[in-house]
Each structure stands twice: as structure tokens, then as C-alpha cells.
Amino acid sequence: GSLLILLLDWVRAHVSEVDNIVQDVLQSESPPQHDRFWDAITGLVLQGRIDEARQLLAKEAAASLETRSMCRALDDLMKKMPVLNSTGSQTLTEFELKWQHWQEVCARHLQEGTFASSPPMETICQVLQGDEETLLMKKDLMATWYHFLVSRMLFTYPTVKPTELHSYAQVCLNLFSASESDPEPLDSILLAAFELDIHQVIKEFSFVSNNWWFVAHLTDLLDHCQLFQTHSLYFGANMREYLLLEYASGLFSHHSLWQLGVDYLDYCPELGRVYLELLIERIPLTTERKALKALRICEQRQMTEQVRSICKTMSMQALRNNRLGSALSWSIRAKDAAFATLISDRFLKDYCERGKFSDLDLIDNLGPAMLLSDRLTFLGKYREFHRLYNEQEFHEAARLLLSLMTARIAPGYFWFSLLLDSLPLLEQQQVRYTDVK
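Here's a quick rundown of the structure. (Residues numbered from 1 in each chain as written. Predicted model: local features only at pLDDT ≥ 70, side-chain atom pairs only at ≥ 80, totals over all residues. Heavy atoms only, no water.)

### Describing the overall build of the protein chain
The criterion, for reference: Numbering of helices and strands runs from the N terminus; a helix is a DSSP stretch of H or I covering at least four residues, while a strand is a stretch of E covering at least two. Here the radius of gyration uses the C-alpha set of atoms, whereas the globule reference equals 2.2 Å times the residue count to the power 0.38. Note on classification: 1.4 Å probe, protein chains only; a residue is buried when its accessible area is under 20% of the maximum for its type, exposed when over 50%, partly exposed between these limits. Calculation of accessible area relied on Shrake-Rupley with a 1.4 Å probe; when residues are assessed, cover is drawn exclusively from the protein chains displayed.
Along its length, the protein chain carries 24 helices and zero strands. Here the protein chain has a C-alpha radius of gyration of 41 Å; the compact-globule value for 437 residues is 22 Å, and the former is much larger. The dimensions of the protein chain, computed from C-alpha atoms along their principal axes, are 135 × 55 × 45 Å. Out of the 437 residues in the protein chain, the part that is buried amounts to 45%. Per element, the accessible surface of the protein chain, about 23,900 Å² overall, is 50% carbon and sulfur.

### Some words on the side chain of Ser-151
Let me state the cut-off plainly: A contact between two residues is defined here by any heavy atoms of the two lying within 4.5 Å.
Tracing the backbone through its elements, the reader meets Ser-151 in helix α9 (residues 145–156). According to the relative accessible area criterion, Ser-151 is buried, its value standing at 0%. When sequence neighbours within four positions are dropped, the list of residues in contact with Ser-151 reads Leu-46 and Met-142.

### Quick word on the pattern of salt bridges
Two side chains that carry opposite charge are able to pair once their charged atoms sit near each other. We count it as follows: In the sections that follow, a salt bridge refers to a side-chain nitrogen of Lys or Arg positioned within 4 Å of a carboxyl oxygen of Asp or Glu.
Enumeration according to the criterion identifies 19 salt bridges in this entry. The salt bridge involving Asp-9 is made with Arg-12; its shortest N-O contact spans 3.5 Å. On the criterion of helical spacing, the pair formed by Asp-9 and Arg-12 is a turn pair, its members being three residues apart in helix α1 (residues 2–14). Classification of Asp-9 as partly exposed rests on a relative accessible area of 40%. Overall, the relative accessible area of 30% leaves Arg-12 in the partly exposed class. When salt bridges that share partners are traced, they join Asp-19, Arg-49 and Glu-52 into one network.

### Remarks on the packing of helix α6 (residues 92–112) against helix α7 (residues 119–129)
This is how it is decided: Angles run from 0 to 180 degrees between N-to-C directions of axes, and those axes are lines fitted to C-alpha atoms, restricted for helices to the stretch in contact. Working definition: roughly parallel below 35 degrees, roughly antiparallel above 145 degrees, roughly perpendicular at 65 to 115 degrees, and oblique for all remaining angles. By convention the crossing between two helices is left-handed if the near helix lies anticlockwise of the far one by an angle smaller than a right angle, and right-handed if it lies clockwise. As a working rule, the residues Ala, Val, Leu, Ile, Met, Phe, Trp, Tyr, Cys and Pro are called nonpolar, Asp, Glu, Lys and Arg charged, and the rest polar, with Gly in that last group.
Two elements in contact, α6 and α7, have axes separated by 9 Å at closest approach and are oriented at 150°. The angle between the axes of α6 and α7 places the two elements in the roughly antiparallel class. Between α6 and α7 the crossing geometry is left-handed. Judged by residue contacts, Trp-102, Gln-103, Cys-106, Ala-107, His-109 and Leu-110 of α6 engage Glu-122, Cys-125, Gln-126, Leu-128 and Gln-129 from α7. Split by residue class, the contact of α6 with α7 holds six nonpolar, four polar and one charged.

### Comments concerning helix α22 (residues 374–390)
The test is simple: Given the number of residues in a helix, its expected span is that number minus one, multiplied by 1.5 Å.
Compared with the 24 Å implied by 1.5 Å per residue over 17 residues, the 24 Å span of α22 between its first and last C-alpha is a close match. Looking one or two residues past α22, Gln-392 carries a phi angle of roughly 65°, positive in sign.

### Remarks on the environment of Leu-92
Inspection of the secondary structure puts Leu-92 in helix α6. Leu-92 sits in the partly exposed class, given a relative accessible area of 35%. Linking Leu-92 and Ala-337, residues 245 residues apart in sequence, is a C-alpha distance of 79 Å.

### A word on unusual backbone geometry
The phi dihedral of Asn-322 is positive, around 60°, even though this residue is not glycine. Among the structural elements, Asn-322 can be located in the loop between α18 (304–320) and α19 (324–334). The exposure class of Asn-322 is exposed, given its relative accessible area of 52%. Although it is not a glycine, Lys-335 adopts a positive phi angle of roughly 55°. By the secondary structure assignment, Lys-335 is in the loop between α19 and α20 (337–354).

This is how it looks when you write it as C-alpha cells:
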């Protein structure tokens, strides 16, 4: 019995034409004289808003002595209309007995011609009795066939059950849309819903939606109701996960929504991580900020290979743009020894040409990272030699320079620079190399 209550709430929430008519009527100087006064009352009745219809009808009773007795009779009919409640305080049998008696009273008023002198009131009484021709005659106040369905159920079969609704739905669609050719996509979706065919609803929505947002979220909700628990697809994922994967993949193609796609993939236990590993590598890393976001996502999920791939990509971009400091920083983060060696060589060759280092802050703060490769170690230690020399720590500078020569980690093209660096130390009054073994 509670189904009709829910359907009436649904119709009231989605069909607002009646509210617009009522508002126009109430804003007029004399509502009973308004052209659409009776349309407003009839529209409220068709949506089951009986109390509002009675309030509007009272304005006619107050304004006209001729129709006052008819207004009272119609008001009494609407007042006594049995209404289902969701509290369960009455049984369906009790309600059906009251309904049958009330319908007989409506029929008696029509037979006796109580409202014969007022066609609008007679029409409303016919609606209350559930007359199909009258309901169809007022189809312009219902706008859609499913509003017609709910109104028809309200006045003919208010105790309709969910399993019975689909048979009435198809009939109402045919009656309401007799002059139209093919049903709209929404019509097919609603028919499938009334048939309780969840998978057909999902399928129909997939055809008409321009993205996977609705079907993914609807399926997720239904899955939480355990309606997709046993429905698995051939590749291992269930329907819910498949649709979430498709929706997340679509988000990854958007320049700013791709991070939201990550969150959806996190809720796909079977294939979510696999999809994320593939999709994260396809993101165009146009800025360092975007790369850092992608990197953080991968690091949080311990995706080691993807972390290395992002760092290498950014390191290559920086190197092509001759940003050696950034390139070296990314290669260190990727723990790529070969690339760190290549960039260290660029630093050293740049020093040979210009006589000074760029990105001193980075080189001065390499720390343990300089152990990634011999060439990077040499770069870091050679820079340390310069720092000691500038601080006039000549003895320590000499020891470090000699160790760099004897360790044989300096590239061949750099030996000339090392020999030139040793000359100022040899020209000191005190020989700096005597105690170095």
C-alpha cells in the first residue's frame, strides 16, 4: 500500500506545471474568476493534493451563493476520500472497504446529478471516481504518461503492488501516447523500472547517457542493496565494478577531473589498481605541479614502477629544456643511475665551458643521493672541494682534490680542470699534499 504514496511524492517532485497554474490563480485579484481556476483544483486532485484542492475550492464557495451547496458536497467528498498511510495503522482490507463505499458515494452523486449545473465540479467528481475518459480528457494537466499512470492508480487501484504496476504502465503509455509514434528513451527506462528489470534499466540508461555517471552511481547504490551480488561478468569484475571502471576511465581523459577518477578506482577491488597503473601513465604531464600530484598518488599506493616512469619523463622534459637542476632532481627521485650520470656529465661539461656551476643549491644539498652513481658522487665532491677552497680550508681542499684524482671517478675530459685546480694549492708557501698518502 505504501507504493502509491511514494509514486505520488515522485510525481509531485517532478511535475511542476500545476504549481505554476495555482500560483497564477492565487496572485489574481479574484481567483474564482480566473480562467484556470478549475484547472488548478483539478490538477491538485490529480496529484493527490486533496487538502490544497479543498482550500482553493473554499474560495469558490465564499464567492458564489449559487454554487455553495455543490462546493460543500464536493468538499465533503474530498474530505472523506480514504487515504493510505505508511504507519500501518489500518489493514488493506479495512482500507478497501472504505474505498469501495466512498466510490459508491461518488457514483451516486453523479447519477443524481448533484453537480450537473457545474461541469467543472462534475469533472472533478468523475476524476474522483476514476473515470478513464475524464482522466484522458485532462491529460494536459498531467504532462506525462507516468503522471497519468499514478493518477489513474490513485483513483482506481490505490493498493497496487510493485509486481502489478508494469501491466498498468504499458496500458497507460499506450492510452496517453496514442497519437505519438515511438516511445522516448525515458519511456523505455521507466517501463523497465516498473517491470523491476534492473539490468534492463542500466542497459537503457547506458544507451541514452552521454557519460557513465548515472549508471555507475545507480548500480553502486543497487549493489549496496545486494541486488548485483551474484551477477559477475566474464572477465572477473561484477557489473558495479565494470561501470565504475568505465566512468573512472572517462574522468582520466579530462584535464582536471582525472584525480577524481583515482578515487573511483580505489573502490574497484578486482581491477581498480590495474586500470590505475595503465591510466596514470597516459596522463600528459604538462606541468611539474601536475606531475607532483600524479607522483603523490603513486607513492601513496606504492606503485614503484609508475613513480619511476613519471620521474624519468619529467627528467627528460627538463633536460630537453636545458633545466639541468630540475632534470637531476627528477632523476635522483627516480633512482635512475644511468640518467643521473648523463646529467652529471652535462653539469661538468657546462662547468668546463663557463667556469662555474648552475643550480648550486641542489648540488650543495645532494647528501646521500650523490651515491646514486660515480659521476654524481664526483660532481658532489668536486663542488665540496670548491666550497672548502672558498672558505680557505686549503688543507682539507687539497686532501679532497687528491682523493678525487686517485679514486679515478673523474671523466677524462675533466682531468685538465683538476690539474688547474691543483696549481693554486701547489703555489702555497706550505706544501698541501705532503701528508696525503
